[in-house]
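# An overview of the molecular structure
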Amino acid sequence: MASGGAIDELLRLRESGVIKNVSLGMNDPAYTMRMIRGKPRGTFDSIMLAGAWNLLDQDGFEVLLECQRRDIKVHVAGIFASGILVGGSTYKYDVASPEIIRRRELWSDLADTFGAPLPAVAIAFALLPAIVEKVAVGVKSAEEVHATVHWLESASRLNPQLWVEAKQRGLLSVNIPVNK
């Protein structure tokens with residue numbers, strides 16, 4: 001990572017009190033990891049990990065672990081996987097493949113087994129890692145705001161046995177910790 005670039009200027013601004021935090025926001029876990037590891041501990045206060053920590057994509061797992069080691073708070077975006085987990089038909093900016101639709105249906109069946117809306121399960125999953133401080137969701141209407149509030153309330157009451165069952169059904173890697 002070259003010195004004298006934008007990150008170094010942000011650090012200077014933080015040190016002088018002009019800004020409070022230096023953060024990253026990106027949807028590529030490999031690049032995020034490269035940025036984090038390319039700078040000394042304490043450089044970044046938080047990151048926004050977009051589209052790489054949700055029920056269908058856990059590519060950001062190693063980033064979460066690295067952030068935990070470095071005490072970098074994480075904000076997760078894309079928790080509904082481009083909308084496919086809330087009834088949409090796209091995934092990662094394209095029409096969802098049959099495999100993604102199949103996996104969504106498997107998650108939906110599991111959510112039904114536990115009497116929870118699938119979006120509530122998606123919210124609860126995004127918030128499982130202790131290092132995750134916030135999740136970001138996109139809404140287009142007052143109805144979507146109300147639905148999201150309902151899902152958040154449902155997520156807070158989710159039976160933790162759901163995660164054990166998800167691992168047994170092969171929906172989550174056995175390496176992903178599911179105890180908060």
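Residues numbered from 1 in each chain as written. Predicted model: local features only at pLDDT ≥ 70, side-chain atom pairs only at ≥ 80, totals over all residues. Heavy atoms only, no water.

## Some words on the packing of helix H5 (residues 118-126) against helix H6 (residues 142-156)
Which entries qualify depends on this criterion: Lines fitted to C-alpha atoms define the axes, with helix axes restricted to the stretch in contact, and inter-axis angles between N-to-C directions lie between 0 and 180 degrees. Numbered from the N terminus, helices here are DSSP runs of H or I no shorter than four residues, and strands are runs of E no shorter than two. Rotating anticlockwise by less than a right angle from the far helix to the near helix defines a left-handed crossing, while the corresponding clockwise rotation defines a right-handed one. When checking whether two residues touch, look at their non-hydrogen atoms; a contact exists if any pair is within 4.5 Å. For this classification, Asp, Glu, Lys and Arg are treated as charged, while Ala, Val, Leu, Ile, Met, Phe, Trp, Tyr, Cys and Pro are nonpolar and the rest, including Gly, are polar.
Contact pair H5 / H6: the axes reach a minimum separation of 8 Å and the direction vectors enclose 65°. Here the hand of the crossing between H5 and H6 comes out right-handed. Between H5 and H6, the residues in contact are Pro119, Ala120, Ile123 and Ala124 and Thr148, Trp151, Leu152, Ser154 and Ala155, respectively. By residue class, the composition of the contact of H5 with H6 is seven nonpolar, two polar and no charged.

## Looking at the pattern of salt bridges
Oppositely charged side chains are able to pair whenever their charged atoms sit close together. Note the threshold: When a carboxyl oxygen of Asp or Glu is within 4 Å of a side-chain nitrogen of Lys or Arg, the pair counts as a salt bridge. Summary of the burial criterion: residues with accessible area below 20% of their type's maximum are buried, those above 50% are exposed, and those between are partly exposed, where the area comes from a 1.4 Å probe applied to protein chains only.
As enumerated under the stated definition, the model contains ten salt bridges in all. Asp8 is the salt-bridge partner of Lys39, the closest N and O atoms lying 3.1 Å from each other. Of this pair, Lys39 sits in the loop between helix H2 (29-37) and strand E2 (46-50) while Asp8 sits in helix H1 (residues 6-15); the two residues are 31 residues apart in sequence, bridging distant segments of the chain. Its relative accessible area of 8% is what places Lys39 among the buried residues. Taking relative accessible area as the criterion, Asp8 reaches 25% and is therefore assigned partly exposed. With a shortest N-O distance of 2.7 Å, Arg14 and Asp45 are connected by a salt bridge. One end of the pair, Arg14, is in helix H1; the other, Asp45, is in the loop between H2 and E2, and 31 residues separate them in sequence. Three or more residues joined by partner-sharing salt bridges are found here, namely Arg37, Glu66, Arg69 and Arg70.

## Observations concerning the sheet that holds strand E3 (residues 73-77)
For sheets, the rule is that strands pair by backbone hydrogen bonds, running either parallel or antiparallel. What counts is decided by this rule: Two strands pair under a simple rule: DSSP has to find at least two bridges between them.
In space, the four strands of this open sheet follow the order E1-E2-E3-E6, with parallel pairing throughout. Edge positions in the sheet fall to strand E1 (23-26) and strand E6 (132-136), since each has one partner strand and no second. Across the sheet, the axes of successive neighbouring strands diverge by a mean angle of 15°, strand direction being ignored.

## Quick word on the nonpolar core
Worth spelling out the cut-off: Think of a nonpolar core as a cluster: buried Ala, Val, Leu, Ile, Met, Phe, Trp, Tyr and Cys residues, connected wherever their side-chain atoms sit within 4.5 Å.
Of all hydrophobic cores here, the largest spans 55 residues; its most connected members are Ile47, Leu55, Val74, Leu85, Trp107, Val121 and Trp163. Residues in contact with Ile47, not counting those within four places in the same chain, are Leu24, Thr32, Ile36, Val63, Cys67, Ile72, Lys73, Val74 and His75.

## A few points about helix H4 (residues 98-113)
We apply this condition: Expected span of a helix: the number of residues minus one, times 1.5 Å. Arc, as used here, means the arc of the directions from the helix axis to the C-beta atoms.
Its 16 residues give H4 an end-to-end C-alpha distance of 23 Å, which sits within 8% of 22 Å, the value for a rise of 1.5 Å per residue. Taken residue by residue, H4 has Ile100, Arg103, Arg104, Trp107, Ser108, Leu110 and Ala111 as its buried positions. The arc enclosing the buried residues of H4, seen along the axis, measures out at 160°, which places them on a common side. Residues of H4 that are exposed and point over 90 degrees away from its buried face: Pro98, Asp112 and Thr113. On its buried face, H4 sits against strand E4 (90-91), H5 and helix H7 (161-168). Looking at the residues trailing H4, positive phi occurs at Gly115, about 65°.

## Things to note about the environment of Ile72
When you line up the elements, Ile72 lands in the loop between helix H3 (61-70) and E3. The sequence separation of Ile72 and Asp45 amounts to 27 residues, and the corresponding C-alpha distance is 5.2 Å. Setting aside anything within four residues of it in sequence, one finds Ile72 in contact with Ile36, Phe44, Asp45, Ser46, Ile47, Cys67 and Ile131.

## Points about H1
Of the residues making up H1, those classed as buried are Ile7, Leu11 and Arg14. The buried residues of H1 occupy an angular sector of 60° when the element is viewed end-on, so they sit on one face. Of the surrounding secondary structure, the elements contacted by the buried residues of H1 are E1 and H2. Just past H1, the residue Gly17 takes up positive phi, approximately 85°.

Such coordinate-based values are descriptive only and should not be taken to indicate function.
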